[in-house]
Amino acid sequence: MTREMIITELQNRGYNAEAQNSIKNGVELEGIRILTDGNIAPIIYTEAIIENAEKENKSLDEVVSAIIGTYESHKSFSFDVNSLFDKDFVLNGLYIGLQKESTEDIIKRACDLDGIESYLYIRGEADKDGSYSIKLNSAILERSNISEAEAWEKAEANTNEETSLESMAKVLSEMMGFEYSEEMDEMTPFYVISNKCKVKGASAILNKKVLSDFGKRYNTDRIVVLPSSVHEMLVAPYTEDIDLDTFTSMVAEVNNTQVEPTERLTDRAYIITL
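Notes on the structure in this doc start here. A quick note: this is a predicted structure, and the numbers were derived from the prediction, not measured.

1. Some points on the sheet that holds strand β2 (residues 27–34)
Thought 1: Strands sit in the order β1-β2-β3 across an open sheet of three strands; the sheet is antiparallel. Here the strands that pair on one side only, and so sit at the sheet edges, are β1 (17–24) and β3 (43–45). The mean inter-strand angle of the sheet, taken between neighbouring strand axes irrespective of direction, is 40 degrees.
Thought 2: Summarising the sheet, β1 and β2 pair through eight bridges and their orientation is antiparallel. Within β2, the residue paired with Ala 17 across the bridge is Ile 34.
Thought 3: Across the face of the sheet, helix α1 (residues 3–12) comes into contact with β1 and β2 while running at roughly 135 degrees to β1.

Below, the structure is given as structure tokens:
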């Protein structure tokens, strides 16, 4: 089964479908774009769909029917592109995201963590069940009459306001259903830093005040940072007996076995000075 076969069948069923590739966090994804009468053309990524279909011996007809079901359930979403001319709309929805270093033509800058870059994106609610994000580029800045400096300043404020820092002990206790106590944090002083919605929250690591307060709690001016994904990172107070190579191996192993390529950052751990 191939993407081209799926496109042909979609066209046979009356859908205006075409091949569309896109790059997400440095990974090129093959997809199908189904054109609509509106201003949004949803892209359905096909590699995982085809792989799953082959594993489960699904027919082309079953795959295409499932894709149509996905399309029909999302096609009602529309976005007023004129909103991107509205300065307040853009500024109020601006946030900072983190991704692997890229050649994308977007508003971005280097991050203090080698191999990672920060970029700006607009986030909004699509409907009651989801949200959307649009990476910021110079064209949007120009249309909305926003300077790059102003955009970064507002995005930093919005991002910092949503910072979430939770101990791994608390997270695990909630997941596994046992009672949490603060004494657990001292035994395992690892914390998850993200945003409140846990989406594209790794940029919370840029919140200098939260990191400074964390360092003061453990009487240190250095912390260890483990990139978990584009959605979150792990932090821990630095101690002299920490072996950074061990943590780097841990990050690489988790990336290779548990994190989707489109959501990975770097295969290493960091020590940063507060």
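2. Overview of the packing of aromatic side chains
Thought 1: Throughout the structure, instances matching the rule amount to seven aromatic pairs.
Thought 2: Relative to Phe 247, the ring of Phe 190 lies with its centre 5.7 Å away and its plane at 70 degrees, an arrangement referred to as edge-to-face. A residue pair is termed long-range when its members are at least 10 positions apart, and Phe 190 in the loop between α8 (183–187) and β9 (191–195) and Phe 247 in helix α10 (residues 244–258) qualify at 57 residues.
Thought 3: With a relative accessible area of 13%, Phe 247 lands in the buried category.
Thought 4: Aromatic side chains Tyr 191 and Phe 214 sit 5.1 Å apart centroid to centroid with 75 degrees between the ring planes, which places their arrangement in the edge-to-face category. Separated by 23 residues along the polypeptide, Tyr 191 in strand β9 and Phe 214 in helix α9 (residues 208–217) bring together distant segments of the chain. Here Tyr 191 matches Phe 214 in class, with each residue buried.
Thought 5: Taken together through their ring pairs, the aromatic side chains of Tyr 95, Tyr 119 and Tyr 121 make up a single cluster.

3. What to know about the environment of Leu 60
Thought 1: Note on placement: Leu 60 falls in helix α3 (residues 60–74).
Thought 2: We classify Leu 60 as partly exposed; its relative accessible area is 23%.
Thought 3: Taking the C-alpha atoms as reference points, Leu 60 and Met 5, separated by 55 residues in sequence, lie 8.0 Å from one another.
Thought 4: Not counting chain neighbours up to four residues away, the residues in contact with Leu 60 comprise Met 1, Met 5, Ile 6 and Glu 9.

4. Describing the environment of Val 63
Thought 1: Counting through the fold element by element, Val 63 comes out in helix α3.
Thought 2: Val 63 gets classed as buried once you look at its relative accessible area, which sits at 4%.
Thought 3: Residues Val 63 and Thr 46 lie 17 residues apart in sequence; the distance between their C-alpha atoms is 9.9 Å.
Thought 4: Setting aside its immediate chain neighbours within four residues, Val 63 contacts Met 1, Ile 6, Ile 49, Ala 53 and Lys 58.

5. Section: the nonpolar core
Thought 1: Residues Leu 98, Leu 113, Ile 116, Ile 205, Val 225, Met 233 and Val 235 are the most contacted members of the largest nonpolar core, which totals 20 residues.
Thought 2: Every residue in contact with Val 235, bar those within four places of it in the chain, is listed here: Leu 165, Pro 189, Phe 190, Tyr 191, Ile 193, Ile 205, Phe 214, Ile 223, Val 224 and Val 225.

Definitions and limits used
- Residues numbered from 1 in each chain as written.
- Predicted model: local features only at pLDDT ≥ 70, side-chain atom pairs only at ≥ 80, totals over all residues.
- Heavy atoms only, no water.
- Pairing = 2+ DSSP bridges.
- Helix = DSSP H or I, 4+ residues; strand = E, 2+ residues; numbered from the N terminus.
- Axes fitted to C-alpha atoms, helices over the stretch in contact; angles between N-to-C directions.
- Contact = heavy atoms within 4.5 Å.
- Phe/Tyr/Trp six-rings, centres within 6.5 Å; stacked < 30°, edge-to-face > 60°.
- Buried < 20%, exposed > 50% of the residue type's maximum accessible area, 1.4 Å probe, protein only.
- Core = buried A, V, L, I, M, F, W, Y, C linked by side-chain atoms within 4.5 Å.

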